[in-house]
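Observations on chain architecture
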Amino acid sequence: MSKPEKQTVTCPKCGETIAFTLWHSINTDMPEAIPDIISGKLFEVECKKCGYKTHVNYPLLFNDMIHQVMIYNAVPENAREAGDALNSMKTLYPGRTRIVLDQSTLREKASIFNTGLDDRVTEILKLIVMAQLQEQLAGKKLMGVYFIPGDEPSFEVALEEGSGYVPVSMEMYRSIEEQFRKQLSTDDEYYINQDWALTFLSSPQNQLQQ
Ligand SMILES: [Zn+2]
């Protein structure tokens, strides 16, 4: 069930009190849940007085019933609470469970699952792409790498001075998926990110064949 609550925030520009809907949990019974999470609109509030748009952040459990995944957006302080909440559901819930610590990652995960992909395969692929870009990226400050959906999906390589885009090779994706089908048949990790992919690939039985 989607659980909304009326909340207020102070406009950072003019000081007006802005009312907004805070969601403790949201699920895909709300038709706009996925698009609004991916676009960031769910967390956007607009000041009625001066028109300034700002983003709010709070813990939110997103239950994507279409793609069978629960993603907990834990503002970092809530990571333990998020873990407890997912632990208590896990025995009854057959789908995937994830914890993310920022909205960019929430948006990215929602996009990945909405495209019908596995975020673990995507993180492994990202790691390979980043290794290939290593020389080009030398000396630049990397802010993050994000999956961008579309007819031709890409990775956004976000640098301090701007973003670059690298096409996602679906052929390579399928090859990774195939290679690790067995190892990835159980899915019980909450945190799937670049650290997870590094740890996964450094295990002797998960040697990548390219
Ligand atoms: Zn304002």
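First things first, this report covers the structure right here in the doc.

Basis of the calculations
- Residues numbered from 1 in each chain as written.
- Predicted model: local features only at pLDDT ≥ 70, side-chain atom pairs only at ≥ 80, totals over all residues.
- Heavy atoms only, no water.
- Pairing = 2+ DSSP bridges.
- Helix = DSSP H or I, 4+ residues; strand = E, 2+ residues; numbered from the N terminus.
- Axes fitted to C-alpha atoms, helices over the stretch in contact; angles between N-to-C directions.
- Polar contact = N/O pair within 3.5 Å; in protein donor to acceptor, adjacent residues only side chain to side chain.
- Contact = heavy atoms within 4.5 Å.
- Donors = N, O, S within 2.8 Å, 3.2 Å for Na, K, Ca; no water.
- Tetrahedral: all angles 85-135°; square planar, octahedral: opposite > 155°, others 65-115°.
- Buried < 20%, exposed > 50% of the residue type's maximum accessible area, 1.4 Å probe, protein only.
- Salt bridge = Lys/Arg side-chain N within 4 Å of Asp/Glu carboxyl O.
- Arc of directions from axis to C-beta.

**Observations concerning the sheet that holds strand β7 (residues 96-100)**
Strand order across the open sheet formed by 5 strands is β1-β2-β5-β6-β7, with mixed pairing between neighbours. At either margin of the open sheet sits one strand with a lone partner, and together these are β1 (3-10) and β7. Mean inter-strand twist for the sheet, computed between neighbouring axes without regard to direction, equals 25°. Note that strand β2 (residues 17-27) and strand β5 (residues 60-64) share 3 bridges and pair parallel. Within β5, the residue paired with N27 across the bridge is N63.

**Regarding the side chain of E108**
Along the chain, the position of E108 falls in helix α3 (residues 103-114). A polar contact of 2.8 Å, which involves the side chain of E108, links it to the side chain of K126. With sequence-adjacent residues up to four places away left out, E108 is seen in contact with E123, K126, V145, Y146 and F147.

**Here's the deal with the environment of I37**
Of note, I37 is situated in helix α1 (residues 33-39). Residue contacts for I37: discarding those within four places in its chain leaves I26, L42, F62, L106, R107 and A110.

**Things to note about the coordination of the zinc ion**
Every protein donor of the zinc ion is listed here as C11 (SG), C14 (SG), C47 (SG) and C50 (SG), and their distances to the metal cover 2.3 Å. Classification of the site at the zinc ion rests on its 4 donor atoms, whose angles at the metal span 106 to 113°, yielding the label tetrahedral. Summarised as a motif, the one-chain spacing of the donors to the zinc ion is C-x2-C-x32-C-x2-C. Given a relative accessible area of 32%, C50 falls into the partly exposed group.

**With respect to the pattern of salt bridges**
Between side chains of opposite charge, a pair can form when the charged atoms approach closely. One pass over the structure, following the stated rule, counts 12 salt bridges. We note a salt bridge from R174 to E177, for which the minimum N-O separation is 3.2 Å. Of this pair, R174 and E177 both sit in helix α5 (residues 170-179), separated by 3 residues, roughly a single helical turn. Through salt bridges with shared partners, one network takes in R96, R98, K109, D118, D119, R120 and D187.

**Description of the sheet that holds strand β9 (residues 154-159)**
With respect to topology, 3 strands assemble into an open sheet ordered β8-β9-β10, the strand pairing being antiparallel. The open sheet is flanked by β8 (142-148) and β10 (162-167), the only strands paired with a single partner. The average undirected angle you get between the axes of adjacent strands in this sheet is 20°. Where β8 meets β9, 6 bridges bridge the pair, whose relative direction is antiparallel. Of the residues in β9, the one forming a bridge with Y146 is E156. Strand contacts of helix α4 (residues 119-137): β8, β9 and β10, with the helix running at about 50° to β9, the strand carrying the most contacts.

**What to know about helix α6 (residues 194-202)**
Within α6, the full set of buried residues consists of W196, A197, F200 and L201. For α6, the arc enclosing every buried residue in end-on projection is 125°, short of the 170-degree limit, so these residues lie on one face. Opposite the buried face of α6, at more than 90 degrees from it, the exposed residues are D195, T199 and S202. Next to the buried residues of α6 lie α4. Between a side-chain oxygen at the N-terminus of α6 and the backbone nitrogen of D195 the separation is 3.1 Å; the capping residue is N193.

Read these as geometric descriptors, not functional statements.
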